[in-house]
Every structure is written in structure tokens, then in C-alpha cells.
Amino acid sequence: MADYAFPHRHLLGIEGLNRLDIETLLELGDRYVELNRSRVKHANVLAGQTLVNLFFENSTRTQGSFEIAGRRLGADVVTMPIATSSVKKGETLIDTAMTLNAMRPDLLVIRHGSSGAVKLLSRKVDCAVINAGDGTHEHPTQALLDALTIRRRVGDIGGMRIAICGDILHSRVARSNVACLNVLGAEVRLIAPRTLTPPGAGDWGAKVFTDMREGLKGCDVVMMLRLQQERMDGAYLPSAREFFHFWGLDEEKLSHANPGAFIMHPGPMNRGVEIESGIADHKTRSLITEQVEMGVAIRMAVLETLARNAPEIGAPKAGGKNR
Amino acid sequence: MTGRTAIYNARLLDPASGLDANGGILIENGLIADIGVMITKATVADVKIDAKGKALAPGLIDLRVKTGEPGAENKETLETAGDAAAAGGVTTFIVMPDTDPVLDSVALVDFIKRRADSVAKVKVLPTGGLTIDLDGAKMSEIGLIKQAGAAFFTNGDKPVEDAGVLRRAMSYAASFDVLVASRPDTPSLSKNTVMNAGAFAARLGLRGAPPEAEWIALARDLMLAETTGVRLLADCISTARSLEAVESARASGVKVSCSVAAYSLFFNELDVGDYLTYCKVQPPFRVEADRMALIDGLKRGAIDAVVSAHDPQPTEDKRLPIADAAYGAVGLETLLPALLSLVVREDVPLLAALKTITSGPADLLGLPQGRLAKGAPADLVLFDLTAPWACDRDDLSSRSKNSPFDGRKLEGKVLRTWVDGATVFERG
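Criteria and thresholds
Along each chain, residue indices are assigned from 1 in the same order as the chain's sequence is written. Numbering of ligands from 1 and lettering of chains from A proceed in the order in which they are written. In keeping with the predicted nature of the model, local features appear solely for residues at pLDDT of at least 70, side-chain atom pairs appear and are counted solely at 80 or more, and the whole-chain, interface and lining totals rest on all residues. As a rule here, side-chain values cover all heavy atoms of the structure and leave hydrogens and water aside. Helix and strand labels come from DSSP, where a helix needs a run of H or I of at least four residues and a strand needs a run of E of at least two; each type is numbered from the N terminus. We take the radius of gyration over the C-alpha atoms and set the globule estimate at 2.2 Å times the residue count to the 0.38 power. When a residue's accessible area, from a 1.4 Å probe over protein chains only, is under 20% of the maximum for its type it is buried; when over 50% it is exposed; and in between it is partly exposed. Residue contacts are defined here by distance: any two heavy atoms, one from each residue, within 4.5 Å place the two residues in contact. Computed by Shrake-Rupley with a 1.4 Å probe, the accessible areas treat only the displayed protein chains as cover when residues are assessed. Accessible surface is computed with a 1.4 Å probe, and the buried area is the amount of it that two parts give up when combined, taken over both parts together. Any Lys or Arg side-chain nitrogen located within 4 Å of an Asp or Glu carboxyl oxygen qualifies as a salt bridge. As used in this structure description, the phrase polar contact means that two N or O atoms lie within 3.5 Å; if the pair is within protein, one of them must be able to donate a hydrogen and the other to accept it, and residues adjacent in sequence are counted only when both atoms belong to side chains. By the convention adopted, Pro, Cys, Tyr, Trp, Phe, Met, Ile, Leu, Val and Ala count as nonpolar, Lys, Arg, Asp and Glu as charged, and the other residues, Gly among them, as polar. Here the aromatic set is Phe, Tyr and Trp, taking the six-membered ring for Trp, and pairing holds for ring centres within 6.5 Å; pairs whose planes are under 30 degrees apart are stacked, those over 60 apart are edge-to-face, and all others are tilted. Comment: the charge-over-ring label is applied if NZ (Lys) or CZ (Arg) is within 6 Å of the ring centre and within 35 degrees of the ring normal. Note on pairing: DSSP must find at least two bridges between two strands before they are called paired. Only the contacting stretch of a helix is used when fitting its axis, a line to C-alpha atoms as for every element, and angles between N-to-C directions run 0 to 180 degrees. Helix span, as expected, comes to 1.5 Å for every residue beyond the first. The rule for a disulfide is simple: a pair of cysteine sulfur atoms within 2.5 Å.

1. Considerations on the overall build of chain A
1) Next: Looking only at helices and strands, chain A has eleven helices and nine strands in total.
2) Next: Taking 2.2 N^0.38 as the reference for a compact globule, 323 residues should give roughly 20 Å; the C-alpha atoms of chain A span a radius of gyration of 20 Å, in line with that estimate.
3) Next: A principal-axis box enclosing the C-alpha atoms of chain A has dimensions of 60 × 45 × 35 Å.
4) Next: Sorting the 323 residues of chain A into buried and exposed places 56% on the buried side.
5) Next: When contacts within chain A are restricted to residue pairs at least 6 apart in sequence, long-range pairs at least 24 apart make up 74% of them.

2. Structural notes on the overall build of chain B
1) Next: Along chain B, the regular secondary structure elements total 14 helices and 19 strands.
2) Next: Over its C-alpha atoms chain B spans a radius of gyration of 21 Å, differing by no more than 12% from the 22 Å that the globule rule assigns to 428 residues.
3) Next: Taking the principal axes of the C-alpha coordinates as reference, chain B spans close to 65 × 50 × 45 Å.
4) Next: The burial tally for chain B puts 62% of its 428 residues in the buried class.
5) Next: Considering only intrachain contacts with a sequence separation of at least 6, the fraction spanning at least 24 residues in chain B is 74%.
6) Next: Counting every atom, chain B has about 15400 Å² of accessible surface; 50% of that belongs to carbon and sulfur.

3. Observations concerning the interface of chain B and chain A
1) Next: With 17 residues of chain B in contact, the opposing surface of chain A contributes 16 residues.
2) Next: Roughly 1400 Å² of surface becomes buried between chain B and chain A when both sides are summed, with 53% attributable to carbon and sulfur atoms.
3) Next: On the chain B side of the interface with chain A, the three residues burying the most area are B:Glu141, B:Arg168 and B:Tyr172, jointly 37% of the side's total.
4) Next: The interface formed by chain B and chain A holds one salt bridge in total.
5) Next: In this structure, B:Glu141 engages A:Arg241 in a salt bridge whose closest nitrogen and oxygen atoms are separated by 2.5 Å.
6) Next: In this structure, the connection of chain B to chain A is made through ten residue pairs in polar contact (both at pLDDT 80 or more).
7) Next: Elements that contribute at least two residues to the side of chain B that touches chain A include exactly α3 (142–148) and α4 (163–174) of chain B.
8) Next: For the side of chain B that touches chain A, the per-class residue count stands at eight nonpolar, six polar and three charged.

4. So, the packing of aromatic side chains
1) Next: Under the defined criterion, the tally for this structure stands at eleven aromatic pairs over all chains.
2) Next: Their ring planes at 65 degrees and their centres at 5.5 Å tell us that B:Tyr172 and B:Phe176 sit as a pair that is edge-to-face. A single burial state applies to B:Tyr172 and to B:Phe176, both of which are buried.
3) Next: Here the aromatic residues A:Phe243, A:Phe246, A:Trp247, B:Tyr172 and B:Phe176 are joined through ring pairs into a cluster of three or more.
4) Next: Sitting over the face of the ring of B:Trp215, B:Arg241 holds its NZ or CZ atom 4.2 Å from the ring centroid.

5. A short note on the pattern of salt bridges
When the charged atoms of two side chains lie near each other, side chains of opposite charge can form a pair.
Residues and elements named next belong to chain A.
1) Next: Using the criterion set out here, one finds 43 salt bridges over all chains in the structure.
2) Next: When the shortest N-O distance is used, the salt bridge between Glu67 and Arg71 registers 3.9 Å. Here Glu67 pairs with Arg71, and both are found in helix α2 (residues 61–72), just four residues apart, close to one helical turn.
3) Next: Since its relative accessible area comes to 45%, Arg71 is described here as partly exposed.

6. Thoughts on the sheet that holds strand β5 (residues 161–165) of chain A
All names here are of chain A.
1) Next: On the basis of which strands lie adjacent, the open sheet formed by five strands has the order β7-β6-β5-β8-β9 and parallel pairing. Of all strands in the sheet, those with a lone pairing partner are β7 (206–209) and β9 (262–264), marking the two edges. Direction aside, neighbouring strands of the sheet carry axes that sit 20 degrees apart on average.
2) Next: Sheet topology note: the strand β6 (residues 187–191)/β7 ladder contains four bridges and is parallel. Its bridge partner lying in β7, Val188 is registered against Ala206.

7. A short note on helix α12 (residues 335–346) of chain B
Residue and element names in this part refer to chain B.
1) Next: Over its twelve residues, α12 extends 16 Å from the first C-alpha to the last, a length consistent with the 16 Å expected when each residue adds 1.5 Å.
2) Next: When you tally the buried positions in α12, you get ten out of twelve residues, the bulk of the element.
3) Next: Residues Leu335, Leu336, Pro337, Ala338, Leu339, Leu340, Ser341, Leu342, Val343 and Glu346 constitute the buried set of α12.
4) Next: The first or second residue beyond α12 is Asp347, which carries a positive phi of 60 degrees.

8. Quick word on the sheet that holds strand β8 (residues 123–126) of chain B
Residues and elements named next belong to chain B.
1) Next: Strand order across the open sheet formed by three strands is β6-β7-β8, with parallel pairing between neighbours. Bordering the open sheet on either side are β6 (60–65) and β8, each of which pairs with just one other strand. Averaged over all neighbouring strand pairs, the angle between strand axes comes to 20 degrees, with direction disregarded.
2) Next: Sheet topology places β6 next to strand β7 (residues 90–95); four bridges connect them, and they run parallel. Within the sheet, the bridge partner assigned to Leu60 lies in β7 and is Val90.
3) Next: Each of β7 and β8 touches helix α2 (residues 106–119); the most contacted strand, β8, lies at about 175 degrees to it.

9. Topic: the state of the cysteines
1) Next: Evaluation of the coordinates by the stated rule reveals zero disulfides over all chains.
2) Next: Between A:Cys180, a cysteine without a disulfide, and A:Cys219, which holds the nearest cysteine sulfur, the sulfur-to-sulfur distance is 17 Å.
3) Next: The class of A:Cys180 is buried, set by a relative accessible area of 0%.
4) Next: Free of any disulfide, B:Cys391 has its nearest cysteine sulfur in B:Cys279, 12 Å distant.

10. Examining the environment of B:Asp311
All names here are of chain B.
1) Next: In this fold, Asp311 is placed in the loop between β16 (305–307) and α11 (315–318).
2) Next: The class of Asp311 is buried, set by a relative accessible area of 11%.
3) Next: Note: C-alpha distance between Asp311 and Lys66 (245 residues apart in sequence) is 5.1 Å.
4) Next: Apart from the residues within four sequence positions on either side, Asp311 is in contact with Lys66, Tyr327, Gly328, Ala329, Val330 and Asn402.

The values reported here are purely geometric and, on their own, carry no functional implication.
In C-alpha cells:
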């Protein structure tokens, strides 16, 4: 597998990746976990290359994670302060992309609030593009880091019963995770109130539940999703306390999952809304901080893999048929 | 209620099982212990009641009652509504959320239950407001309020105008399999109207509510019920076309039931006649063809529940020019007589009529009462099927007397009412 040539120029989503693609990244990620746990965390595989972080949406952990991943691989990392940039001055997204492209970056990490925006940008630039979250569409590195976290705990994800709970409707994490876990052979369940269940979710390759106790039955892993404050004001949900009562992960509901089931959360958490503090901090079952650690490793794996695939440098191309 | 009570020599009427036969009922510990011809004068019991051949049926269940408690106790309290219910043979009624404050929280639903338990002679179940303050903007804590004991959810007489809000509220409610009731109305068409729109209203010089105010809202509600999968009660439909829409949606698999106000089966728009403010109600009395279509629906079993739509309004709110008068009519005490009159006058099958006020509503809410069955609560009503009488508003037990039946002749009279085996009303 080490010789497997990853066939994609960008990482825009889990959709379109096959099992070998994903496992290649996970294996490389595994190796970077070891590197990250050693004292000298440097690998110079990206020496001389430029990584640009382009976050149109505020982010602390994902942006930081990509920065650290890039630096550990020896790349020059630049994070563009988009919130105060020319985008605010009315420049179109495409113009921003063209401008950046002219600076000749090698890797472009993009987060954007609109689904599909990252894909649009990827068509206009010459470098490799990594989707760090687009709207409510995909967040592929989150799904990969989650898979890496689970895999290191249970060995083989195949046959595992994994529940994803909470605001599925607005979650790019859920969409990427369903795709990723399905490819890896897990049995995926989605648990949410009907207002937060996307139409047609039953066709995603996951079984849909509204009753959390029923949905958690026999689960090996419980992934909680973040509930945005603005969903709790009476439009999608009546209140935070009602959500916690019926869909917040507490000891009692968790007791319906398999004994020892692992608990995950992509962060940042709303303690007392989607998850009880005692569970979030559970010494042996909560994998939440481990997920953050795996995030750096898997992003190093992604950056290295895509950098390897970069075409020879030439004149900036006219744009149009990447991917 | 300890000991055994035997009611014998009765005509037993049970719509749930189709029973219409002579016999008796044995009551023990507030429950129906036995039913049938073997219950006679000779049955061993502490109390024996000779029904003298009168009709004995399950106590009525009324899905739509307003009281003024909390907030407008001058109109009606849970206690006076309980008295009126008992006098009307109604042993369970459901209160609407449009009180002051609105029943949109666990605390208020709990308050109604506790308050009614201590002051009302009959069983009272609260509804939960579908949206906070019935503002049609933010959904209430449907899950927690259901757990607190709300019978179903409704926005009362304030329709949720925003289809997006209604869709999400229905969708969320479907997570808990609760019943959502919606009285179909389009305020932009019905606002400030007095009666049904048409030639008669025009001749009286009154603003009328066109039936399309009901049709448009109902069509929307049915579509949203279909896509969200919620159980919908089309509350107080009043036209032929509305009934058709409900039946056709039901035939295509939508989980919809419907209720009709007793007055919609009894009156038509002409009854507003001489600007009678007691006949100013929502939905308004419609045309005779609508009334006949609803009666036909009743005969066919297409109507799940007939309701009193009890809405007490004091004299000061009714003795006004009709345009300024409040909407609403009391109805708890005329619900059974109105239906029995239809049995006599319009050939509605007796059990079909009774079903809409007993097992029909009970089944919508999953209640054990509303049927003559062993083990069911002994909520019963004894009545004379055909006794003629004239309704006089001053004889009503309700605190408010705004009855459109005032002065009307009716057939059928409640004689005695039991709740959990205890007598709560007996005609002197």
C-alpha cells in the first residue's frame, strides 16, 4: 500500500474517495502520530513549499491544526486574515482566488460558509486545495481524523456500530463521517429530532432514529455533534434544556449503548446541551482530546500526500478542468 | 368510590363495540366491572339504580373547550366549566391553550391538571400551545410538555401563519408522535368578519369570512402533514369542501382526522338572522349545503369528533353591535342534545353520532375512557333519547350564557352523569 499513488489532486470531500484512498491516508496518519509524540516533531517533506490557510469562517482548532501540521512538515505557512481583507472590500471570491494563485502557493486550505465554495475555488487555482469545511456540505479531514481515532482504538472499523447524534441537518461533519464510515464498513446510525434530520437521510447509508435510547442500542461509538446556539431559539428546537432532555448524551442514555462504548465530539462542545460534562471528560471512554491530536497527524498525511501529487511548476493555467 | 353499584334496566349504547342492547353495568372501584343482560335488579350490589329503560352510554369526551382560567375567570372557571360539563354528560374535556397566560409551558400545563383535579367534577386535560405565546414564531417545549400531560398541541384560534414555522413545529412534533390540531383559517381573509361571506351577509351589511379562508389553510396543513408525517387534527372544519379535502388526504395515506363543532351541524348562516351576537362564532355558520354535507359525513363516519367548541363570553362582550361583539358560544350542555336532535331530525344513525363524542375522540388521544368495556373507567351518561325541551340560557350551568341554542327546541336530555363511578350530575 505504501506504493499506492493517491489519485486525487485535491481533497474536496470524502465523496469520491475509495477505501484504498482513505486507508492510505490513515496509515500515513498513523506514522505521523508517532512522529508527533516524539521530541523532535520535524519532517522536511514540504520544505520550500507554501501552505496558505484561507478561512472565510472563523475557526480556532482547525486553522491551528493545519498551521501546526504544515510547520511540522517544514512548509512555509501563511494564514490570510480574511475577515479584514479585500473580501470585506467587495472583492469577489474568484478574484481573491486568482490573486492568491498568482502568489504561487503549493497548498491551499480553505474553509467557507457556503456549500460548494471550496470546489468553485479549486477550479480556479493551480495548487492543491484542501476543504477545511464548506457550509453544510463536507469536512473531510474531520471525518478522516475521526476514523483514525476509532481505528487506533478498535483496530478494524468494519462491523462497528457507530451513532452520530444531534444536528445532522446543519452538519458537514456528519455528512463526511457517514460517507467515510460507510466506505470503511461500519454500520452508521443517525439520531436526531425530525427538525434536524435532513430529508432523505435514510438514503445516505445510515439508519435514522428520533429516539436516542433506541438508536444507541448496541453502539460501539457515539459521536455527538455541536448544536449551534441559533438552532435552539424555537425555530428548529424549542430550547436547549428540551434538547438535552431528549438528545443530550448523559449517563442514562449512554447506558443503552454497548458497555464501554467510546464517546466522540468534533468540538467545540456545549457542555450541558449536547453532552454532559462527566461524559465528555470520561477518562477511558471519551476520545475527544485524542481526536484533536489525530487531527494534526491526519492533516500532515493529507498535506504530504497532495504535495506529492502536485504537477510540475509551469505558467499559471487558465483554469477549468482540475480534479 | 368503594362498593359495587349496579345500573340495570338500561339501553346500553357503546359505539366502540357497536353494542345497542338492553342490560346493565356493574361498577366497582370506579371501573366498569361487568356489562350485559345479566346485570339486573337481582345483581348483588351496594347501590342499585333503575335506569327505567333510558339510554346509558360512555360519558362524552369533548376535544375543544375554553374556560377563562387562568386570566379571565369572569367568563368561566375550571370549576364552572366542570359543572356545565357534568350537566351536559361530558365526563372528559380538553382545554384550549389560549388562556392568559397561554398554556405554552410545563408549569402551566401542570397547573391546569392540578387545578382541575381539585375543583372540576369531570376529567380535564390541557392542551399545549404549539408555539410560545401562540405567536406563531417559536415552537414550545413540545417534548417536555407532552411528558407533563398535554393531550395534544394546537395554536388554538390563532393559526400559525408562517408555513416554515408550522412545518418545523409539525416535523418536531412528529419526533414524539403527538397529535397536532390546527383550525384552518387564513386571517388575512377572515380578520374582522362577523359571519359567513355571501349574499346574506351582504344584505345584512356585515363583513363575511369567505370559505376559502378555511380551504387555503387546510390545503397547506394537509400538505405539511403529508411531508412531515405528523398526526394532524383538522380542527372545526365547517364546509363540504373541507371535508372532501380531509377524506381525500386520508385516502392517500395522510395521518389526518377532523372535528366539527356541534353548531356547524345544527345552524346555517341564516340563523345569524337578526344580528344575533350569540351566533357570532369562528368558524362561522356556513350555508345549508355545507351543513348537509357535514351531516352526511357524520352518517358515513367521516368525522372523527364532534366538539362543543365551548367558548364562554360574558354579556358585556356579547351585548354589543355584532361587529364589536366577541366570537364564541358556550356548548358543553348542548353537545349531546344537539347530536340527539340530529338523530331524530336528520336520520343520523345513533351510534354513529355517539361515536364522535365518545370512542372517536378517545381513540385520537389514546384514552381508556369513551367506551363501555370491562376495566374501562366508569365514566357514564344516562339520558333520555327523545325528551323534547327548549333551551333557556338562564338554566345553563356555565358562568357565561352565550348559547346560540337559547330559545331553540332540542330532543334528548341528560339525566345523570358519573365520573369514575361517582355521580357528578343528576337531574332533579
